[in-house]
Amino acid sequence: MKEKKHIIQSVTPGSIAEELELEAGDAVLAVNDSEIEDIFDYQFLTQDSYIELLVEKKDKEEWLLEIDKDPDEDLGIQFENGLMDEYRSCRNKCVFCFIDQMPPGMRDTLYFKDDDSRLSFLQGNYVTLTNMSDHDIERIIKYHLGPINVSVQTTNPELRCEMLHNRFAGEALKKMEKLYRAGIEMNGQVVLCAGLNDGEELDRTIRDLGRFCPVMQSMSVVPVGLTKYRDGLYPLRPIEKEDAERAIDQIERWQKIFYEKYGFHFVHASDEFYVLAGRTLPEEERYDGYIQLENGVGMLRLLIEEVTEAYKNAKGDLRQREISIATGKLPYPFLRELTDLICEKFPNIRVHMYPVTNYFFGEKITVSGLITGQDLIGQLAGQPLGQELLLPVNMFRSGENVFLDDLTLEDAQRALQVPVNIVKSSGQDFFNAVVGEEKDGEETSWQCYEIR
Ligand code: SF4
């Protein structure tokens, strides 16, 4: 008798699963007589040209299905639990953890601290490796999974224990060495905290991680995000202009070294550093194909390039239009400049642009992805908004019209008495939204600054 049942949530129309008459509520018990621990096992075991699938139908009858298929062809099954296992929460108490700095009373899921290596592969999450067992490492190596995205913070073991508030955090660095030796692709991330892992410690971390090049493909350095809810937490100070200048100088120096050796730049400072330092953003080539975009590295450069391209391709005309745009204080000057550029070819478009101050989390939080409905409504009420208000998609929960504070798109429309247009990811989308054209842009993204 197989112990673990994986309940099917849905099957893809036209898939092998549908052909085999599998349906929601049935359960997968085994593949090739092996029990399935989680999604890793399932993906590995089903990548074969012949498989035997043991299924328990809703009426408890067991079916053993023999399947001949192309090795890469997916069976078309979605499971109720995407991981096919319990989600693992983190064992750390990082001094910079954003979740510890959130106000009380938000929706429960926002307080869940995941640190599950399987999410690293499935969704690109960054993990600390502190709750990864030898068995996990062996499976990653056996299945040759990758890339694994590692929240490194520092390669100094004692400092890592202090920063992650976990006495095993230093030891966990050795797991990177194992993954490196096995050729498992990795990316790294450092949340820079002034006086802790900056300065010489940052040089040490870059130097140490550089040893894993090119198996480790990139590392990003992002400034710590501090909200106003830090009572009783580790005393951290915000990254100031001088800190940002110093970090950029260090990182750019290392970029030259890596570029000479490997032909790519490896280490990247996030956009926020350049804004804090008041420096020009790096040119596009320096982002190595925007490999760290999800960490806020290159989002602004990509947006500039895409909007400029759309502008060049546009004819321009005298259409009449009045709209408004709300965004965070960080991207505001860039969006202002790009909007002014667009208006050179469309002189009768009037744009009211509003940088929204983040009172909800605190004024040091300047990204658009953490703006709440209440801050937006509170600061735009009574302002001229024109015929529609444009908001970036990253202000909303993925796939839904809900802000971080659970207010909805409809709440904002009702309160501000203006239709809201959620602008999708690319620079072409932004251009189209400003000029009032429906056409969707390509799905390249300058998406979210995630909660970290
Ligand atoms: S930052 Fe991540 S790993 Fe650290 S305590 Fe928070 S959730 Fe856990």
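Quick summary incoming for the structure in this document.

Criteria and cut-off values
- Residues numbered from 1 in each chain as written.
- Predicted model: local features only at pLDDT ≥ 70, side-chain atom pairs only at ≥ 80, totals over all residues.
- Heavy atoms only, no water.
- Helix = DSSP H or I, 4+ residues; strand = E, 2+ residues; numbered from the N terminus.
- Polar contact = N/O pair within 3.5 Å; in protein donor to acceptor, adjacent residues only side chain to side chain.
- Contact = heavy atoms within 4.5 Å.
- Buried < 20%, exposed > 50% of the residue type's maximum accessible area, 1.4 Å probe, protein only.
- Lys, Arg positive; Asp, Glu negative; His and termini not counted.
- Salt bridge = Lys/Arg side-chain N within 4 Å of Asp/Glu carboxyl O.
- Pairing = 2+ DSSP bridges.
- Right-handed = clockwise from strand over helix to strand, strands pointing away.
- Axes fitted to C-alpha atoms, helices over the stretch in contact; angles between N-to-C directions.
- Core = buried A, V, L, I, M, F, W, Y, C linked by side-chain atoms within 4.5 Å.
- Parallel < 35°, antiparallel > 145°, perpendicular 65-115°, else oblique.
- Left-handed = near helix turned anticlockwise from the far one by under 90°.
- Phe/Tyr/Trp six-rings, centres within 6.5 Å; stacked < 30°, edge-to-face > 60°.
- Lys NZ or Arg CZ within 6 Å of the ring centre and 35° of its normal.

Here we take up the side chain of N358. Tracing the backbone through its elements, the reader meets N358 in the loop between strand 13 (349-356) and helix 12 (373-380). Within the structure, the side chain of N358 is placed 2.8 Å from the backbone oxygen of L370, a separation counted as a polar contact. The contacts of N358, once residues within four sequence positions are left out, are E363, I365, L370, I371 and D375.

Here we come to the side chain of D375. Considering the arrangement of structural elements, one finds D375 in helix 12. This buried residue, D375, is left without a salt bridge; K228 holds the nearest opposite charge, at 7.4 Å. In terms of polar contacts, D375 uses its side chain to reach the backbone amide nitrogen of Y359, at 3.0 Å. Among the polar contacts listed, one links the side chain of D375 to the backbone nitrogen of F360, at a separation of 2.9 Å. Setting aside residues no more than four positions away along its own chain, D375 makes contact with V356, T357, N358, Y359 and F360.

Among the eight residues that make up strand 13, six are buried, leaving the element largely enclosed by the rest of the structure. When strand 12 (residues 321-328) meets strand 13, the two strands line up parallel, connected through eight bridges. Opposite G328, over in strand 13, you have V356 as the bridge partner. Crossover handedness for the path strand 12 to helix 11 (residues 332-345) to strand 13: right-handed.

On to the pairing of strand 8 (residues 148-151), then. The two faces of strand 8 match: I148 and V150 on one face and N149 and S151 on the other face are all buried. Alignment of strand 7 (residues 126-127) against strand 8, held across two bridges, turns out to be parallel. The residue of strand 8 that forms the bridge with Y126 is N149. In this fold, strand 7 hands off to helix 4 (residues 134-143), which returns the chain to strand 8; that crossover is right-handed. Examined bridge by bridge, strand 8 and strand 9 (residues 186-192) share four bridges and lie parallel to one another.

Strands sit in the order 7-8-9-10-11 across an open sheet of five strands; the sheet is parallel. Of all the strands in the sheet, the pair left with one neighbour each is strand 7 and strand 11 (267-269). Sheet topology note: the strand 10 (residues 216-223)/strand 11 ladder contains three bridges and is parallel. Following the sheet pairing, S220 is matched in strand 11 by H268. Of the strands in this sheet, strand 8, strand 9 and strand 10 touch helix 6 (residues 173-181), which is tilted by about 155 degrees from strand 9.

What follows concerns the sheet that holds strand 12. Sheet strands associate in pairs through backbone hydrogen bonding, adopting either a parallel or an antiparallel arrangement. Across the sheet, which stays open at both edges, the four strands sit in the order 13-12-14-15 with parallel pairing between neighbours. A single partner strand is all that each edge strand has here, and the edge strands are strand 13 and strand 15 (420-423). Recorded for the sheet is a direction-independent mean angle of 25 degrees between the axes of neighbouring strands. Across three bridges, strand 12 lies against strand 14 (residues 388-392) in parallel orientation. Counterpart to S324 in the pairing with strand 14 is L389.

Mapping R139 onto the fold places it in helix 4. For R139, a relative accessible area of 5% puts it in the buried group. Taking the C-alpha atoms as reference, R139 lies 38 Å from S368; in sequence the two are 229 residues apart. Once you skip the residues sitting within four places of it in the chain, R139 turns out to touch E37, D38, F40, D41, R118 and H144.

Attention now moves to the pattern of salt bridges. Using the criterion set out here, one finds 32 salt bridges in the structure. A salt bridge links K5 to E56; the nearest nitrogen and oxygen atoms lie 3.1 Å apart. Here K5 is found in the segment before strand 1 (6-11), whereas its partner E56 is found in strand 4 (residues 50-56), with 51 residues between them in sequence. Residue classification places K5 among the partly exposed residues on the basis of a relative accessible area of 38%. What makes E56 buried here is its relative accessible area of 11%.

Attention now goes to the nonpolar core. If you look at the biggest cluster of nonpolar residues, it comprises 122 residues, and the most contacted ones within it are L53, I77, I148 and M176. If you tally residues by element for this core, the top one is helix 10 (residues 299-313), at eight residues. Apart from the residues within four sequence positions on either side, M176 is in contact with L129, V150, V152, M186, L209, F212 and M216. Counting residues in each nonpolar core, the second largest holds 18 residues, with A326, L385, A412 and L416 among its members.

Our next topic: the packing of helix 10 against helix 14 (residues 427-435). It is the contact of helix 10 with helix 14, at a shortest axis distance of 7 Å, that shows an interaxial angle of 50 degrees. Looking at the two axes, helix 10 sits oblique to helix 14. Of the two elements, helix 10 crosses helix 14, and the hand of that crossing is right-handed. In contact with L303, E306, V307, A310 and Y311 of helix 10, helix 14 contributes G427, Q428, F430 and F431.

By the definition in use, this model includes twelve aromatic pairs. For the ring pair F258 and Y262, a centre distance of 6.4 Å and an interplane angle of 25 degrees mean the geometry is stacked. Here Y262 and F258 lie together in helix 8 (residues 241-262), a separation of four residues that amounts to about one turn. Taking relative accessible area as the criterion, F258 reaches 5% and is therefore assigned buried. Ring centres of F396 and F403 lie 4.5 Å apart, and the angle between their planes is 40 degrees; this geometry places the pair in the tilted category. F396 gets classed as buried once you look at its relative accessible area, which sits at 7%. A connected cluster of aromatic rings, assembled from ring pairs, spans W254, F258, Y262, F264 and F266. The lysine or arginine in question, K57, covers the ring of W63, its NZ or CZ lying 4.5 Å from the ring centre.

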